[in-house]
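Architecture and fold: a report
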Amino acid sequence: MDERPDWARRMVEERAARDWSQADAVRALMVRLPDDQVVSEQDLLRQWKRWEAGDAQPVKYKSAIAQTFGTTTGAFFPERSRRDGRAEILQVSGMDTVDIIARLRASDVDVATLDALRITADRLCCEYAYLPADQLLLEGKAWLARVVGLQHQRVSLAQHREIIALAGKLSLLVGCVEYDSGRPRDAEATRQAALMLGQEAGELSVQGWAHEMRAWFALTRGDYRGVIAASEAGIAVAPTEGVAAQLYAQQAKAWARLGDRSQTEVALDKGRQILELLPYPENIENHFVVDPAKYDFYRMDAYRKSGENRLAEQLANEVIRAGTDFDGTERSPMRIAEARVTLGVVAAREGDLDTALTYGERALTGERKSLPSLAMVAADLGQALQTHYGHASEAQEFVTHLRELRGGQ
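Residues numbered from 1 in each chain as written. Predicted model: local features only at pLDDT ≥ 70, side-chain atom pairs only at ≥ 80, totals over all residues. Heavy atoms only, no water.

If you look the chain up in an unreviewed UniProt entry, it shows as XRE family transcriptional regulator from Streptomyces chryseus.

Take a look at the structure:
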């Protein structure tokens, strides 16, 4: 059993995916060291060997190591942070759901009620990854209606602004679930409502995420120039918010599909730089928080589209590890599904039909899925199967299954 820290194991895997020797990796690292970190190549090579063995931590070199492999410090050296939304409602506000609803019916809205509502909205955003779509949609709409109803009560100007911002955040969530469920028209209307609410409240993050949703919708429709335009609009509105990193990631996905490797790498690096400047998120489970590990998920997609099989495979395995608890519970089933498709694509390209089909079927049968996104990614596997195994009945059965999935959107 490998008892090394995850970061030590990953150093080896990232290096191997690039066909680098330890000396190659050290030379790549030295290029990224700041001027005040002067060290000889031989000394650094000795340290690198100790790091890969897990015998010492690269305390001063974490950021440079992550940059060497094109990812973020938080993804390579993660700080585990999980919060229980329901428990936090009680801890911060002293109110459970029944108490919140009772307070909402009062003539005045106090600070504690707004705090509880904000935390409730955060909880719903955390449940996006795994709660059944129909249940989350029902609950999200119910809380959105309650928040909107607060406008008819006596509130201050500051409270009014926070209510509008909360309504915007909940609208973003509802719109995402609508799109996941194959309801694009409803999702677009909800997205536009979220954008207007974000503008009214002056909430840059809400506005940025509304533009990000537009980019996501365009990506799954194959409108790659639309993705780039929507991303640029969002970055212009919220250039220093975490959402800007995801907007650059959407650009990278679009450029990869347009076949421009240079622009893909530029977009990925810009997003990485934004995440490096931001503090590590307090709650990485929130769907509208770009946690550092999520950037590996974006890079996986871009490398799969670019035909970088070994890098895509290494990142797919990393995505699965990062999204799975120690007991095997999948905390990020939608990310993991796309990672499995990626592994299937690599297997198909490398001549292993059985493995490709196993990964593909397992990805498509998950309970929690985003139909448009999964269908888009799975199409890559369908294409690989058609190219390499066009006459195999098993491959044709999977392609038929995929067409049914796309038809059901």
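Here's the deal with the layout of surface pockets
The calculated volume of the second largest pocket comes to roughly 480 Å³. Surrounding the second largest pocket, 21 residues form its lining, L278, P279, Y280, P281 and V290 being those nearest its centre. Listed by contribution, the elements that provide at least two residues to the lining of the second largest pocket are helix 5 (73-76), helix 12 (204-221) and helix 15 (261-277). Looking at the lining of the second largest pocket, its residues break down into 12 nonpolar, five polar and four charged. (1 Å grid on protein atoms, 1.4 Å probe; cavity = no way out; pocket = protein on both sides within 12 Å on 5 of 7 lines; lining within 4 Å. Points joined across faces, edges and corners; volume = space filled by probe spheres on them. Helix = DSSP H or I, 4+ residues; strand = E, 2+ residues; numbered from the N terminus. Nonpolar A, V, L, I, M, F, W, Y, C, P; charged D, E, K, R; others polar.)

Overview of the nonpolar core
Counting 70 residues, the largest nonpolar core has Y128, L172, L173 and Y295 as the members making the most contacts within it. It is helix 10 (residues 157-180) that provides the largest number of residues to this core, a total of 12 residues. Y128 has contacts with L136, L173, C176, V177, D180, W216, H287, M334 and R368, leaving out every residue within four places of it along the chain. If you look at the next biggest cluster of nonpolar residues, it comprises 30 residues, including A230, L357, M376 and A378. (Core = buried A, V, L, I, M, F, W, Y, C linked by side-chain atoms within 4.5 Å. Buried < 20%, exposed > 50% of the residue type's maximum accessible area, 1.4 Å probe, protein only. Contact = heavy atoms within 4.5 Å.)

What about the packing of aromatic side chains?
Going through the model one piece at a time under the given rule, you end up with 13 aromatic pairs. When the centroid spacing of 5.8 Å and the interplanar angle of 15° are considered together, the rings of F69 and F76 count as stacked. Seen in terms of ring centroids, W209 and F288 are 5.3 Å apart; in terms of plane orientation they differ by 75°. Their pairing is edge-to-face. With W209 in helix 12 and F288 in the loop between helix 15 and helix 16 (292-305), this pair connects stretches of sequence that are 79 residues apart. Residue class for F288 comes out buried when judged on its relative accessible area of 14%. Just above the ring of W20 sits the side chain of R18; from NZ or CZ to the centre is 5.8 Å. Sitting over the ring of W143, R146 keeps its end group 4.5 Å from the ring centre. (Phe/Tyr/Trp six-rings, centres within 6.5 Å; stacked < 30°, edge-to-face > 60°. Lys NZ or Arg CZ within 6 Å of the ring centre and 35° of its normal.)

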